[in-house]
Amino acid sequence: SQKIEQNSEALNIQEGKTATLTCNYTNYSPAYLQWYRQDPGRGPVFLLLIRENEKEKRKERLKVTFDTTLKQSLFHITASQPADSATYLCASPPSGGYQKVTFGTGTKLQVIP
Amino acid sequence: SQTIHQWPATLVQPVGSPLSLECTVEGTSNPNLYWYRQAAGRGLQLLFYSVGIGQISSEVPQNLSASRPQDRQFILSSKKLLLSDSGFYLCAWSGQGHEQYFGPGTRLTVT
């Protein structure tokens, strides 16, 4: 069956360092991957979308990569700040479908001052 | 600009009581609409989605139902709540760009 997984439940990192979060998918080839940020008690907020023919996408201190060989997307936050502390979710549509997405369980990032 | 509203923000209901959660979107037309549930410490579970008025796709068979009576209105209902229905309910919309925009959510506690 098609799966999207974020294997790290939590990640602690020192302020100023680069945080790297991983999203893996199995048994399908998504046309794109999305990354969202969720703060406690709030709905997720869309951050970035990367398509299967794009290797890398950047937005300010955020960078996302898409490796179709490894079946993996990496999400980087450079020069991390305590305000970046949140849960980060990846999501993708199933094969052949674009009307819905499946979310990973998320990685809780804690940036330590 | 687009805005998505959900109400109520919190709700405490006894087991066996009915449920109605409403979601409305402003500033866009013909959006795809979604209902998700997030249990404490868990991921987002897609419950229903709709690509148009009266068109509802159910992802998880359960005692919940959804309706879309108007283009920008999405309603989640139950005739009889179960304890397992407790959770954080989120409505979302998406347009042509595929990214999803979420509402503020409803925290439901079934007692």
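Note that this is a predicted model, so its numbers are computed, not measured.

Draft legend 1. Summary view of the side chain of Gln38(A). Considering the arrangement of structural elements, one finds Gln38(A) in strand S4 (residues 32–38). Here the side chain of Gln38(A) touches Arg42(A) through a polar contact of 2.8 Å, landing on its backbone oxygen. When near neighbours in sequence (up to four residues on either side) are disregarded, Gln38(A) contacts Gly43(A), Pro44(A), Ala86(A), Thr87(A), Leu89(A), Gln38(B), Phe88(B) and Leu90(B).

Draft legend 2. Focus on the sheet that holds strand S7 (residues 62–67) of chain A. Residues and elements named next belong to chain A. Spatial ordering of the open sheet is given by S1-S3-S8-S7-S6, a layout of 5 strands whose pairing is antiparallel. Taken across any chain shown, the strands that pair with only one partner, and hence form the sheet edges, are strand S1 (3–5) and strand S6 (56–59). Here the average twist between neighbouring strands, direction ignored, is 15°. In the sheet, strand S3 (residues 19–26) pairs with strand S8 (residues 72–77) via 6 bridges, with the strands oriented antiparallel. The residue bridging Thr22 from the neighbouring strand is Leu74, located in S8.

Rules and cut-offs
Residues numbered from 1 in each chain as written. Chains lettered and ligands numbered in written order. Predicted model: local features only at pLDDT ≥ 70, side-chain atom pairs only at ≥ 80, totals over all residues. Heavy atoms only, no water. Helix = DSSP H or I, 4+ residues; strand = E, 2+ residues; numbered from the N terminus. Polar contact = N/O pair within 3.5 Å; in protein donor to acceptor, adjacent residues only side chain to side chain. Contact = heavy atoms within 4.5 Å. Pairing = 2+ DSSP bridges. Axes fitted to C-alpha atoms, helices over the stretch in contact; angles between N-to-C directions.

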